[in-house]
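Structural characterization, general
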Amino acid sequence: MSGVAACCFADPTAVSATRVRPLTGRIRLDRTDVVNAGPHRVAIFVFDGVTLLDVAGPAEVFKEANRFGADYRIMLLSPSGAEVTSSLGVRIAVDGAVSSEPAVDTLLVAGSDLYPRVRVPADLADAARIPAAAAGRVASICTGAFVLAAAGVLDGKRATTHWQVAHELAARYPTCRVEPDAIYVRDGTTYTSAGVTAGIDLALALVEEDHGPGLARDVARALVVYMQRAGGQSQFSAPLQGPPPRSPALRRITDLVTANPRGDHSLGELAKHLNVSTRHLTRLFHDELSTTPARYVENIRFDLARALLDQGHTATQAATLAGFPSYESMRRVFARKLSISPAAYQRRFSTARRATAG
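Residues numbered from 1 in each chain as written. Predicted model: local features only at pLDDT ≥ 70, side-chain atom pairs only at ≥ 80, totals over all residues. Heavy atoms only, no water.

As a further point, take the pattern of salt bridges. Under the defined criterion, the tally for this structure stands at 16 salt bridges. As a salt-bridge pair, arginine 158 and glutamate 179 come within 2.6 Å of each other at their nearest N and O atoms. With arginine 158 in strand 9 (residues 158-159) and glutamate 179 in the loop between strand 10 (177-178) and strand 11 (184-187), this pair connects stretches of sequence that are 21 residues apart. For lysine 272, the salt bridge is made with glutamate 269, and the minimal N-O distance between the two is 3.4 Å. Taken as a pair, lysine 272 and glutamate 269 lie in helix 9 (residues 267-274) at a separation of three residues, close to a single helical turn. Given the relative accessible area of 60%, lysine 272 is considered exposed. Exposure remark for glutamate 269: the relative accessible area of 27% places this residue in the partly exposed category. Residues participating in the shared-partner salt-bridge network are Arg137, Arg186, Glu209 and Asp210. (Salt bridge = Lys/Arg side-chain N within 4 Å of Asp/Glu carboxyl O. Helix = DSSP H or I, 4+ residues; strand = E, 2+ residues; numbered from the N terminus. Buried < 20%, exposed > 50% of the residue type's maximum accessible area, 1.4 Å probe, protein only.)

Structure, rendered in structure tokens:
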């Protein structure tokens, strides 16, 4: 769950094959640069179907922070105080009911793959509402944002969640301003984070807020994770293929671009294919696809370039095969969309294997 450092200091009785016990106890090392050395109560709200990594990832960050001088008192709370079963079938023992505890300093609401698909039950939303209002700060991990939104916590606020379901969060809760590319978002004392491992990013940010960058950096190094990863969620997402245009004429153009991204797809040339004015073609793209012809062509080439990089082509080859005028033009698109270069993207996503000598 947390790598070598956490394994070295974990209580060997804390986890069994079928049951996760409440997270208690800590090992503390002396530090002189702790910003806030007072005890800080962190409650993680769990429920049946919860994603286990949403619970374990942030909890390990706070537990590891205790080794470097923090004083996080971590507890797991469920709606009724009964143990819950995770999405993996692992039973999670809890410290009590969320309603029975006094106000906590930080309330973390874990996520589940259930609630992007169905509505959050009223009793679950109600169980989160009062402790969220009383907490010093409240945060969601991944799809835990759906629980917070159902509880009314995200009304009028900026938020994020996993890129695959960000559109559903925005559609279901229109007063929430969803930022689908963010790793995590802070709006006042409310925090939301993206897909499961982004809960670790958020927890590190909370530790840094409480104790400064030095301690947070020590935790990141101990857990062998980035202090702050580059780019947003777009670098992890699949190409966004929307529905085909309703207009047969516009569909001819999009099919043409998709079939041959390397072709001459300037606005003038595309308009000639339909024997319409450039203004009319631009209006068609705007009305049906909410974009411009040039941006549509760029997106198709970008998706193809990512696929080529995933297949092992060099960045220069990918730029040529995808139809970019030059490597530099492709690099600018990657920088704008992903905040990383094509080479950095390829290093991260081309393989999970590490090079070995011999």
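Next comes the rest of the description.
The subject of this paragraph is the sheet that holds strand 11. With mixed pairing, the seven strands of this open sheet are ordered in space as 6-3-2-7-8-12-11. A strand with exactly one partner marks an edge of an open sheet, and here the two such strands are strand 6 (96-97) and strand 11. Relative to strand 3 (residues 72-78), strand 2 (residues 40-45) runs parallel, the two being bridged by six bridges. Residue pairing in the sheet places alanine 43 in a bridge with methionine 75 of strand 3. In this fold helix 2 (residues 52-67) packs onto strand 2, strand 3 and strand 7 (106-109), with an angle of close to 160° to the strand it touches most, strand 3. (Pairing = 2+ DSSP bridges. Contact = heavy atoms within 4.5 Å. Axes fitted to C-alpha atoms, helices over the stretch in contact; angles between N-to-C directions.)

A few words now on the packing of aromatic side chains. Where two aromatic rings form a pair, the distance of their centres and the angle of their planes describe that pair. Throughout the structure, instances matching the rule amount to six aromatic pairs. The interplanar angle of 55° and the centroid separation of 6.0 Å between the aromatic rings of phenylalanine 45 and phenylalanine 47 together place this pair among those described as tilted. Across this residue pair, the class does not change: phenylalanine 45 and phenylalanine 47 are buried. One aromatic cluster is present, formed by Phe45, Phe47 and Tyr115 through successive ring pairs. The aromatic ring of phenylalanine 302 is capped on one face by lysine 337, whose charged end is 5.4 Å from the ring centroid. (Phe/Tyr/Trp six-rings, centres within 6.5 Å; stacked < 30°, edge-to-face > 60°. Lys NZ or Arg CZ within 6 Å of the ring centre and 35° of its normal.)

Let us look at the environment of alanine 319. By the element assignment, alanine 319 lies in helix 12 (residues 315-322). When the C-alpha atoms of alanine 319 and arginine 262 are compared, they prove to be 9.7 Å apart, with 57 residues separating the residues in sequence. Discounting chain neighbours no more than four positions away, the residues touching alanine 319 are Phe324, Ser326, Tyr327 and Met330.

Turning next to helix 10 (residues 278-289). Side chains three or four residues apart in an α-helix point the same way, a direct result of the helix having 3.6 residues per turn. Under the 1.5 Å per step criterion, the end-to-end length of helix 10 is 16 Å for 12 residues, consistent within 8% with the ideal 16 Å. Listing the buried residues of helix 10 in full gives Leu281, Leu284 and Phe285. Buried residues of helix 10, seen end-on, are gathered within an arc of 95° and therefore sit on one face of the element. Pointing more than 90 degrees away from the buried face of helix 10 are the exposed residues Arg279, His286 and Asp287. Lining the buried residues of helix 10 we find helix 8 (248-259), helix 9 and helix 11 (293-310). One or two steps after helix 10, the chain reaches serine 290, where phi turns positive at roughly 55°. (Expected span 1.5 Å × (residues − 1). Arc of directions from axis to C-beta.)

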